[in-house]
Amino acid sequence: MSIQTRSLGQIKEVPLSQIRRPIAPVLDYAKIDAMVNTMNGEPSASKTCTLEEAKELDGKLPPIDVMAVRENDQTYYFAFGGCHRFQAYERKALGSSDNDALVRCKVLPATRKQLQLYVGASVDTMFAAVDKANAASKD
């Protein structure tokens, strides 16, 4: 939980496929394995979570902070942390019939300008298809 979402009580489940992660992760695969085991009902310790803490999670991972930008009746989700949790959800989805896992998130409303603080000028590239669709609908 971050400073930004500490006061947000509501946890929302967002399909993994809808969350964009613009920054490439650096991963500890043993940590991901422990998270997948915990989600599968077999709590496991990792470098950042003791066995006791994993047991307290009751098969659920802590929510991931996600920014939500709403434009033209569409919501675009972006995440900059929680890389190991994302990988654990992805790995668990690959082993099931549903390839699009629901990710527990704390959603922060944001604007494109606020998102730009994280990704700089690449925000324009990220929204190029949206801008193109908007321009076409105005013609």
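About the thresholds
- Residues numbered from 1 in each chain as written.
- Predicted model: local features only at pLDDT ≥ 70, side-chain atom pairs only at ≥ 80, totals over all residues.
- Heavy atoms only, no water.
- Core = buried A, V, L, I, M, F, W, Y, C linked by side-chain atoms within 4.5 Å.
- Buried < 20%, exposed > 50% of the residue type's maximum accessible area, 1.4 Å probe, protein only.
- Helix = DSSP H or I, 4+ residues; strand = E, 2+ residues; numbered from the N terminus.
- Pairing = 2+ DSSP bridges.
- Contact = heavy atoms within 4.5 Å.
- Axes fitted to C-alpha atoms, helices over the stretch in contact; angles between N-to-C directions.
- UniProt positions renumbered as here; feature names shortened; annotations may be inferred.
- Polar contact = N/O pair within 3.5 Å; in protein donor to acceptor, adjacent residues only side chain to side chain.

Side note on the nonpolar core
Nonpolar side chains tend to gather and get buried jointly when the protein is soluble and globular.
Line of reasoning, step 1. With 20 residues, the main nonpolar core has I19, I64, V66, F86, A88, Y89 and V103 as its most contacted residues.
Line of reasoning, step 2. When residues of this core are traced back to their parent elements, those giving at least two are α1 (29-39), β3 (64-71), α3 (83-94) and β5 (102-110).
Line of reasoning, step 3. Core analysis: the next-biggest nonpolar cluster, separate from the first, contains ten residues, M67, V69, V119 and V123 among them.

Points about the sheet that holds β3
Line of reasoning, step 1. If you trace the five strands from one edge of the open sheet to the other, you get β1-β5-β3-β4-β2, paired in mixed fashion. Of all the strands in the sheet, just β1 (12-15) and β2 (19-20) have a single pairing partner and so form its edges.
Line of reasoning, step 2. Strand direction decides the pairing type here: β2 and strand β4 (residues 74-78), joined by two bridges, are parallel. Each residue of the ladder has a partner; that of R20, found in β4, is F78.
Line of reasoning, step 3. Relative to the sheet, α3 contacts β2, β3 and β5, its axis offset from that of β5 by approximately 140°.

Describing the UniProt feature "binding site: ATP" (unreviewed entry) in the protein chain
Line of reasoning, step 1. The feature "binding site: ATP" (unreviewed entry), as annotated in UniProt, sits at G82, C83, H84 and R85 in this numbering.
Line of reasoning, step 2. Here C83 is to be found in helix α3.
Line of reasoning, step 3. Accessibility expressed as a relative area gives 23% for C83, which makes it partly exposed.
Line of reasoning, step 4. Those residues in contact with C83, other than ones at most four positions away along the chain, are P25 and L27.
Line of reasoning, step 5. Not counting residues within four places of it along the chain, the set of residues in contact with R85 comprises M35, L61, P62, P63 and I64.
Line of reasoning, step 6. Looking at R85, its side chain comes within polar contact range of the main-chain oxygen of P62, at 3.3 Å.

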